[in-house]
Amino acid sequence: MTALGGAPGHPGTESRADPIISLRAAGDRAVLVELRTLGGVLALTSHLAAAEHAGDVDVVDVVAAATTVLIVAESASAVARAAAYVRSLHLEDAAHTPGRLVRITTVYDGADLDELAQLAGLSPEALVASHSGTVWDAAFGGFAPGFTYLTHDAAPSVPRRTSPRTVVPAGSVALAGAYSAVYPGESPGGWQLIGHTDAVMWDLSREDPALVQPGDRVQFVPVRESTSLAATAADGGLGQGAGPSQPAGPSTSDERGPAEGSRPAEAGLVVVRPGMQTTIQDLGRPGRASLGVSPAGALDRGALRQANRIAGNAPGDAALEVLLGGLELRAASDQVLAVTGARVPLRITAAPAAVVEPGAPAGADGPETPQARAKDPSTVREAPLDTPFALLAGETLTLGIATEGLRAYVAVRGGIDAPLVLGSASTDSLSGIGPAPLAEGQTLRIRPMLGAHVVGLPEVPRPLPGGAVGGATVLRVLPGPREDWFTDASARAFFGQEWTVTPQSNRVGLRLDGAPLERAREGELTSEGTARGSVQVPANGLPVLFLADAPVTGGYPVIGVVASADLDLAAQLPPGATVRFVPLTSSEGTSHA
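Cut-off values and rules
- Here the residue index of a chain counts from 1 through its sequence in written order.
- Given that the model is predicted, a residue must reach a pLDDT of at least 70 before its local features are reported, and side-chain atom pairs must reach 80 or more before they are shown or counted; all residues, however, enter totals for whole chains, interfaces and linings.
- Processing note: side-chain calculations cover all non-hydrogen atoms of the structure and skip hydrogens and water entirely.
- In this analysis a 1.4 Å probe is tested at points of a 1 Å grid over the protein atoms alone, and where it fits but cannot get out there is a cavity; an open set with protein on both sides within 12 Å along at least five of seven lines is a pocket; lining residues have an atom within 4 Å of a point.
- Grid points are joined across faces, edges and corners, and a volume is the space filled by probe spheres set on the points.
- Each residue gets one label: Ala, Val, Leu, Ile, Met, Phe, Trp, Tyr, Cys and Pro are nonpolar, Asp, Glu, Lys and Arg are charged, and the others, such as Gly, are polar.
- Strands are runs of DSSP state E lasting at least two residues, helices are runs of H or I lasting at least four, and both sets are numbered from the N terminus onward.
- Under the pairing criterion, centres of Phe, Tyr and Trp rings, with the six-membered ring standing for Trp, must be within 6.5 Å; the plane angle then separates stacked pairs below 30 degrees from edge-to-face pairs above 60, leaving the rest tilted.
- For every residue, the accessible area (1.4 Å probe, protein chains only) is compared with the maximum for its type, and the residue is labelled buried under 20%, exposed over 50%, or partly exposed between those bounds.
- Only the stretch in contact is used when fitting a helix axis, every axis being a line fitted to C-alpha atoms; angles between N-to-C directions are given from 0 to 180 degrees.
- Each angle is binned into one of four classes, with values under 35 degrees roughly parallel, values over 145 roughly antiparallel, values of 65 to 115 roughly perpendicular, and all other values oblique.
- Between two residues, a contact is recorded if the distance between any of their heavy atoms is within 4.5 Å.
- Of all possible arcs, the one meant is that of the directions from the helix axis to the C-beta atoms.
- Note on pairing: two strands pair once DSSP finds at least 2 bridges between them.
- Any carboxyl oxygen of Asp or Glu within 4 Å of a side-chain nitrogen of Lys or Arg constitutes a salt bridge here.

**Digging into empty space enclosed by the protein**
Then comes step 1: Under the counting rule described, the total for this entry stands at two cavities of 30 Å³ or more.
Then comes step 2: For the largest cavity, the calculated volume is near 50 Å³.
Then comes step 3: Taken together, Ala26, Leu32, Leu70, Pro481, Glu528, Gly529, Thr530, Ala531, Ser534 and Val558 form the lining of the largest cavity.
Then comes step 4: Tallied by class, the residues present in the lining of the largest cavity amount to six nonpolar, three polar and one charged.
Then comes step 5: Empty space within the second largest cavity amounts to approximately 40 Å³.
Then comes step 6: Every residue lining the second largest cavity is listed: Ile104, Gly146, Thr148, Leu150, Ala181, Val182, Met201, Val212 and Val218.
Then comes step 7: Residue assignment for the lining of the second largest cavity shows that the elements contributing at least two residues are strand S8 (148-151) and strand S11 (179-182).
Then comes step 8: Here the residues of the lining of the second largest cavity sort into seven nonpolar, two polar and no charged.

In structure tokens form, the structure reads like this:
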């Protein structure tokens, strides 16, 4: 186990009542704090929120779970400061401050109500009275945006369904373990259903999309089916401590705001062919993990920054992430572009020839077609990678199939104008937040340049998997936080073998194939926060390397976390590529930050 020190306390003393068990490194940008009780979790998250407000710690995300808190920071030094702060706490002296009260009107007609009542030795009416007569604490976010685990001190333990449902309707009120929750959207699930509500648990048109947030209190209000739930849900279901949320559509402007006298975005590019998958990406939406929202953003952040730098943009401006190649764009007006990342051939085809007026003599070969222009050497030129180039009105840029790497990044001078959702224009493939992948015929609007922004110079290509000699790509890994769940032989095998990237890999994670790893213990891990770069090992023993769209929590043990500096390289691994992991110590991980 890669530990960052034991529980807090005065030197030479032990406190059996200390809520903190240990601190475990979760890569070079996060630490996992293990606690004895959910009360300790809630107290720690309250302390961290106050410390961040006071400037004592600088963290990106705090992900609470049943008995753990994952603290994510921007740098190794910020993680070290946060860990030192946690070790200095005496949580037994801390009192959790009650949050706002959210009332959720509920029809208790769930498919599992009678069975659950029988298991509890109660009548259905008594079970409903128990569930609705209690004020629940919103403990932590779940596997989907808006899904919040609710608990209380006397909550009974309810088994999950032996066979999960393939579809659980949105608004289902459910129980599992010592928790209750409301499904924010339709999804598979194994929780026991006791009712439903029309309350909208997740709505991006609200200033705070999640109706229930960690720290809130929740009371379920029983109503009959004939009662209009929509009327009571219209104000967000909020009771004391909060007012109604006012709908407001997603912002379509940059968070920086338009400069005085600025021009609106103009139509700049038309999608002729979208390729296999092309999405709009910036640097993502960190800081929302407590709501179940993944950071998303460009998988190869270095390539995104480089493309924007060359095009003369801000580092985090929105650009295109192109999977494998195949994208074709036509300029509606003169543009300056830069393409970085995967090695893709770039071809620019000239604009169509002038339209021949009726009655005028046609050329010997008849009307000019796009196919004919593409075959005519006089109308086609190559464009360079990692260098700014012009795409004039009417010209078409074609990205060929990648010969090295997997993802190319196309930046346009000014930046792509796309709606901001939770502060980012990025597409999150898991939750569906953000714009849809590009489609044929779509017009991309380009922001006008404001102020003095100089187009960059050509740059050296960034490293790609395999290197000049090919072979396995080496990724550095900080072991833990759950390497003690695996046998010593499996830990050696994890670092000793070459793993193959499978075609099932995507923006959520790289699925790897090789000799399966064996666990050293039985049972399942209680869900806990997972950092970007976590190598999670499910029951089949084959690792999954989490990327930007991965869920914020997971229920499988993480054997190690890839160094932050190596994640851009991991993002460029195509199916069939081989990977070898090499271990880092905590000190080495810090030095590579």
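**Looking at the packing of aromatic side chains**
Then comes step 1: In total, this model carries 10 aromatic pairs according to the counting rule given.
Then comes step 2: Here the aromatic rings of phenylalanine 147 and tryptophan 191 are separated by 5.4 Å at their centres, their planes lie at 90°, and the arrangement is edge-to-face. Here phenylalanine 147, found in the loop between strand S7 (136-141) and S8, pairs with tryptophan 191, found in the loop between strand S12 (187-189) and strand S13 (192-196); they are 44 residues apart in sequence, far enough to count as distant.
Then comes step 3: With a relative accessible area of 0%, phenylalanine 147 lands in the buried category.
Then comes step 4: Here tryptophan 191 falls in the buried class, since its relative accessible area comes to 2%.
Then comes step 5: Ring centres 4.7 Å apart and planes at 15° place the aromatic pair phenylalanine 494 and phenylalanine 581 in the stacked group. Placement of the pair is phenylalanine 494 in helix H8 (residues 488-496) and phenylalanine 581 in strand S35 (residues 578-583), with a sequence separation of 87 residues.

**Let's talk about the packing of helix H3 (residues 113-120) against helix H4 (residues 124-132)**
Then comes step 1: With their axes 8 Å apart at the nearest point, H3 and H4 run at an angle of 90° to one another. Between H3 and H4, the interaxial angle falls into the category roughly perpendicular. For the pair formed by H3 and H4, the contact residues are Leu113, Asp114, Leu116 and Ala117 on the first element and Pro124, Leu127 and Val128 on the second.
Then comes step 2: In the contact of H3 with H4, the residues fall into six nonpolar, no polar and one charged.

**Comments concerning H3**
Then comes step 1: Three or more residues of H3 are buried, namely Leu113, Leu116 and Ala117. End-on view of H3: buried residues confined to an arc of 100°, all on one side of the axis. Exposed residues on H3 whose side chains face more than 90 degrees from its buried face are Asp114, Gln118 and Leu119.
Then comes step 2: Positive phi shows up at glycine 121, right after H3, with a value of about 70°.

**Details of the sheet that holds strand S18 (residues 327-331)**
Each strand in a sheet pairs with another by means of backbone hydrogen bonds, the pair being arranged parallel or else antiparallel.
Then comes step 1: Strands sit in the order S21-S20-S23-S18-S15-S26-S25 across an open sheet of seven strands; the sheet is antiparallel. The open sheet is flanked by strand S21 (380-383) and strand S25 (416-417), the only strands paired with a single partner.
Then comes step 2: Here four bridges tie strand S20 (residues 346-349) to S21, and the two strands are oriented antiparallel to one another. Within the sheet, the bridge partner assigned to arginine 347 lies in S21 and is glutamate 382.

**Focus on H8**
Then comes step 1: For H8, the set of buried residues is Ser490, Phe494 and Phe495. Down the axis of H8, the smallest arc covering the buried residues is 135°, so these residues share one side. In H8, the exposed positions angled more than 90 degrees off the buried face are occupied by Asp488 and Arg492.
Then comes step 2: Buried positions along H8 lie against strand S27 (473-479), strand S28 (499-501), strand S31 (534-536), strand S34 (558-562) and S35.

**Here's the deal with the layout of surface pockets**
Then comes step 1: In this structure, the largest pocket occupies an estimated 1,200 Å³ of space.
Then comes step 2: Lining the largest pocket are 45 residues, and of these Phe143, Ser527, Thr553, Gly554 and Gly555 lie nearest its centre.
Then comes step 3: A breakdown of the residues in the lining of the largest pocket according to their chemical character gives 25 nonpolar, 15 polar and five charged.
Then comes step 4: The wall of the second largest pocket is formed by 33 residues, among which Val72, Ala73, Pro295, Arg301 and Arg532 lie closest to the centre.
Then comes step 5: Class assignment for the residues of the lining of the second largest pocket results in 21 nonpolar, four polar and eight charged.

**Notes on the sheet that holds S34**
Then comes step 1: Strands sit in the order S27-S34-S31-S32-S29-S28-S35 around a closed barrel of seven strands; the barrel is mixed. In this sheet, adjacent strand axes meet at a mean angle of 40° when their direction is disregarded.

**Thoughts on the pairing of S8**
Then comes step 1: Residues of S8 alternate between two faces, with Thr148 and Leu150 on one and Tyr149 and Thr151 on the opposite face, all of them buried.
Then comes step 2: Bridging between S7 and S8 involves four bridges; their strand directions are antiparallel. The residue of S8 that forms the bridge with aspartate 137 is threonine 151.
Then comes step 3: As consecutive antiparallel partners, S7 and S8 are separated by six residues, and within that stretch glycine 146 has a phi angle of approximately 90°, a positive value.

**Thoughts on the pattern of salt bridges**
Then comes step 1: Following the criterion strictly, the structure yields 21 salt bridges and no others.
Then comes step 2: Here aspartate 28 ties to arginine 29 by a salt bridge, and the two come within 3.6 Å at their closest N and O atoms.
Then comes step 3: Note that arginine 100 and aspartate 216 form a salt bridge whose closest N and O atoms lie 2.9 Å from each other. In this pair, arginine 100 is assigned in the loop between helix H2 (76-88) and strand S6 (101-106) and aspartate 216 in the loop between S13 and strand S14 (217-222), connecting sequence segments 116 residues apart.
Then comes step 4: For arginine 100, a relative accessible area of 19% puts it in the buried group.
Then comes step 5: Look at the salt bridges and you will find they share partners, linking Arg24, Glu34, Arg482, Asp484, Arg521 and Glu528 into a network.

**Brief notes about unusual backbone geometry**
Then comes step 1: With omega at 10°, the peptide bond leading from glycine 480 into proline 481 counts as cis.
Then comes step 2: Mapped onto the elements, proline 481 comes out in the loop between S27 and H8.
Then comes step 3: Phi angles above zero are rare outside glycine, and alanine 296 is one such case at about 55°.

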